[in-house]
Amino acid sequence: MNKTANQLLVIFGASGDLTARKLIPALFNLYKEKHLPENFVVLGVSRSDLTDVDFRKRVVLENEHLKKKSTVEDYGLLDAFANKMFYEDLGMEYDTSYELLKKRISDLNTKYDIGGNYMFYLSTPPKIYEAIAKNLSDQDLHDESEGWKKLIVEKPFGYSLETAKNLNVGLQRYFKESQIYRIDHYLGKETVQNLLVTRFANSIFEPLWNRNYIHHIEITNAESDGVEKRGGYYDKSGALRDMFQNHLLQIVSLVVMEPPIGAGAEEIRNEKVKALKSLRIMKDADTISKHTIKGQYVSTTIDGQKVKGYREEDGVDPESTTETYAAIKFFVDNWRWKDVPFYVRTAKRMPRKVTEIVIHFKSPHHAIFMDAGTSTRGNKLIIRIQPDEGILMKFGVKVPGQGFKVERANLDFYYSSLTETHVMEAYERLLLDAMQGDATLYARADEVEAAWEFVDPILNYWEKGENVNTYGYSAGVWGPTNSDDLIEGTSTWRNPGKNLADDPGFCVIS
Ligand code: BG6
């Protein structure tokens with residue numbers, strides 16, 4: 001276990017949803033598992049008028065998200081954990097003098113012997129990130145002459161390529177790039193990290209991991225939920241910004257990247273940037289319109305229950321054309337991947353929650369078992385990111401009896417079969433890494449910008465292009481019925497489950 005230095009975590013936006021839902025439960029697990037350093041305190045900061053006691057109640061003692069996951073033994077630990085929480089009210093604005101905040105930080109630093117190591121977690125709307133960074137640096141809270149200082153920022157990292165660049169420049173004005181940690185919780189998932197291990201700790205996959213053996217690659221990220229209470233945010237964002245630009249392109253970069261020369265943060269991140277830069281950017285309207293599908297869920301009935309359409313959700317414009325489904329076909333312009341199509345889709349209100357990568361291998365060059373139907377069915381490697389985390393390999397076996405009839409068989413590995421140890425949740429793992437100064441699983445500025453370079457033209461076309469169609473699909477089906485048209489040849493999307501609604505609800509919304 002790596003050593004974690006004593007430190008103070010300052011959470012901006014501490015009265016918000018993320019703190020109670022993700023950050024505090026993650027910290028509690030780290031506390032339980034004895035990963036937190038001896039001297040560790042949290043200072044919540046926001047504009048709500050709360051005392052330390054109120055804050056402790058809100059995020060620990062009366063936090064439903066924490067309680068839901070806690071066992072009876074955990075209850076005994078909650079009081080001691082809550083006592084590590086403090087709160088500072090910033091008043092009306094985040095953009096204000098941090099003189100009092102500095103004083104509070106300094107008092108906690110002395111009292112708890114923190115050694116001047118401060119981590120600032122920005123869980124506020126991104127438009128005030130830069131102001132917060134400036135106000136911290138005005139009080140020398142970025143200065144590392146005594147203890148280290150780190151800044152963690154939540155997504156979205158910008159709204160477009162231009163705003164992402166501005167944000168990077170804005171933050172780098174006050175903090176060095178090496179102090180900035182851009183969190184993408186998909187990189188905290190064990191199975192996403194396992195992609196690196198599958199590829200680079202085995203000798204059987206990498207020789208096949210290229211255009212000579214792979215026919216195409218498919219990545220699906222499906223959620224069964226709709227936009228829930230986040231309609232207001234989502235309507236201005238859409239699936240491309242919310243999931244594709246960050247989480248899915250992170251997965252893509254791990255699939256596409258070349259072997260790094262070592263497992264260090266910069267070595268891995270350099271290869272990821274190279275991978276993202278090799279995605280062929282679609283510039284003209286014709287290519288984008290042929291290679292993308294934009295969809296939105298419409299209302300339907302599932303098991304006799306009416307399910308709302310996207311436009312009926314709270315906070316959503318009743319005439320919205322924001323996408324809740326995005327499917328993109330693209331190519332990677334490098335030696336390894338030339339001419340291999342990649343198909344990536346993400347959507348809300350699908351039949352089930354599932355994220356998986358499917359590597360479709362080419363069929364054998366010379367098919368000798370013609371009657372078996374295998375010539376059109378190559379091997380598949382399915383990497384299940386969530387749920388049922390694991391890896392499934394599909395291959396042909398002989399059916400017992402006369403002749404050479406070939407059937408598909410599965411070699412299936414489930415993570416759950418080997419985990420006796422506690423598997424950290426994404427936020428736990430990422431927070432602990434940042435506490436220890438390991439940025440491997442955090443996105444670097446150039447990585448984020450490379451992802452935006454690819455996404456920007458698609459967004460522009462979808463938002464401003466002529467004759468852009470938004471296709472309707474019933475909540476509970478695998479997207480618009482024309483989504484298979486995106487896939488070359490006779491292949492279709494691998495839909496892991498049945499449609500929940502009988503009526504596909506296919507329509508052109510706009
Ligand atoms: C978030 C998106 O980043 O990821 C949400 O903003 C989405 O819209 C969520 O629901 C999905 O995360 P997970 O870990 O549940 O797949």
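Bear in mind that the values here come from a model prediction, so they are computed numbers and not experimental data.

The next point concerns the packing of helix α1 (residues 17-32) against helix α4 (residues 72-82). Taken N-terminus to C-terminus, the directions of α1 and α4 make an angle of 105°; their axes are 11 Å apart at the nearest point. By the criterion of interaxial angle, the relationship of α1 to α4 is roughly perpendicular. Counting all contacts with α1, which are made through I24, L27, F28, Y31 and K32, the residues of α4 involved are D74, L77, L78, A80 and F81. Its residues assigned to classes, the contact of α1 with α4 comprises eight nonpolar, no polar and two charged.

Overall, the coordinates contain 29 salt bridges when judged by the stated rule. With its nearest N and O atoms 3.0 Å apart, the salt bridge here joins D286 to K290. Taken together, the positions of D286 and K290, both in helix α11 (residues 285-291) and four residues apart, correspond to about one turn of that helix. Accessibility expressed as a relative area gives 44% for D286, which makes it partly exposed. Residue K290 is classed as exposed on the basis of its relative accessible area of 55%. Residues joined in a network through salt bridges with shared partners are R199, E206, E258 and R336.

Moving on, we come to unusual backbone geometry. Outside of glycine, negative phi angles account for most residues, and trans bonds account for most peptide bonds. Here the residue pair K155 and P156 is connected by a cis peptide bond, since its omega of 0° sits within 30 degrees of zero. Relative to the helices and strands, P156 is located in the loop between β5 (149-153) and α7 (161-172). Although it is not a glycine, E228 adopts a positive phi angle of roughly 50°. By the element assignment, E228 lies in the loop between β7 (214-222) and α9 (231-256). A positive phi angle is found at D303, which is not glycine, with a value near 50°. Inspection of the secondary structure assignment puts D303 in the loop between β9 (300-302) and β10 (305-307).

Right, let's get into the side chain of R349. As for its placement among the helices and strands, R349 is situated in the loop between β12 (342-347) and β13 (354-361). Among the polar contacts listed, one links the side chain of R349 to the backbone oxygen of S224, at a separation of 3.0 Å.

Of all the five residues making up strand β4 (residues 118-122), five are buried; the element is thus mostly covered by neighbouring parts of the structure. Side-chain alternation along β4 places Y118, F120 and L122 on one buried face and M119 and Y121 on a second face that is also buried. In this sheet, β4 lies alongside strand β1 (residues 7-12) in parallel orientation, the contact comprising five bridges. If you follow L8 over to β4, its bridge partner there is Y118. Pairing of β4 with β5 involves five bridges; the strand directions are parallel. Paired with F120 across the strands is L151, a residue of β5. Running through helix α6 (residues 129-138), the crossover from β4 to the neighbouring parallel element β5 is right-handed.

Across all of its chains, the model carries 20 aromatic pairs by this definition. Between Y31 and F81, the aromatic rings sit 5.3 Å apart at their centres with planes inclined by 40°, giving tilted as the arrangement. Here Y31, found in helix α1, pairs with F81, found in helix α4; they are 50 residues apart in sequence, far enough to count as distant. Both rings, one in Y343 and one in W493, keep their centres 6.2 Å apart while their planes meet at 75°; by these two values the pair is edge-to-face. Here W493 lies in the loop between β17 (471-474) and β18 (507-508) and Y343 lies in strand β12, a separation of 150 residues in the sequence. Assigned by exposure class, Y343 and W493 land together as buried. By the ring-pair criterion, three or more aromatic residues cluster together here, those being Y234, Y297, Y310, Y325 and Y473. Between the NZ or CZ atom of K149 and the centre of the ring of Y118, over which it lies, the distance is 4.8 Å.

Moving on to the site of the ligand. Taken together, K155, H185, Y186, K189, E223, R230, D242, M243, H247, K348, K353 and Q386 form the complete shell of residues around the ligand. Separating an oxygen atom of the ligand from a side-chain N or O atom of Y186 is a distance of 2.4 Å. A distance of 2.5 Å separates an oxygen atom of the ligand from a polar atom in the side chain of E223. Coverage of the ligand by the protein amounts to 80% of the 400 Å² it exposes when considered alone. Ranked by the residues each element gives to the shell around the ligand, the list is headed by α9, at three residues. A breakdown of the residues in the shell around the ligand according to their chemical character gives two nonpolar, three polar and seven charged.

Further remarks concern α4. Those residues of α4 that fall on the buried side of the exposure criterion are D74, L78, F81 and A82. The arc that holds the buried residues of α4, viewed along the axis, is 80°, so those residues lie on one side. Away from its buried face by more than 90 degrees, α4 exposes E73 and G76. Here the buried face of α4 lies against α1, α2 (52-61), α3 (64-69) and β3 (85-89).

Cut-offs used in this document
Residues numbered from 1 in each chain as written. Predicted model: local features only at pLDDT ≥ 70, side-chain atom pairs only at ≥ 80, totals over all residues. Heavy atoms only, no water. Axes fitted to C-alpha atoms, helices over the stretch in contact; angles between N-to-C directions. Helix = DSSP H or I, 4+ residues; strand = E, 2+ residues; numbered from the N terminus. Parallel < 35°, antiparallel > 145°, perpendicular 65-115°, else oblique. Contact = heavy atoms within 4.5 Å. Nonpolar A, V, L, I, M, F, W, Y, C, P; charged D, E, K, R; others polar. Salt bridge = Lys/Arg side-chain N within 4 Å of Asp/Glu carboxyl O. Buried < 20%, exposed > 50% of the residue type's maximum accessible area, 1.4 Å probe, protein only. Polar contact = N/O pair within 3.5 Å; in protein donor to acceptor, adjacent residues only side chain to side chain. Pairing = 2+ DSSP bridges. Right-handed = clockwise from strand over helix to strand, strands pointing away. Phe/Tyr/Trp six-rings, centres within 6.5 Å; stacked < 30°, edge-to-face > 60°. Lys NZ or Arg CZ within 6 Å of the ring centre and 35° of its normal. Near = heavy atom within 4 Å. Areas by Shrake-Rupley, 256 points an atom, 1.4 Å probe, with all protein chains shown as cover. Arc of directions from axis to C-beta.

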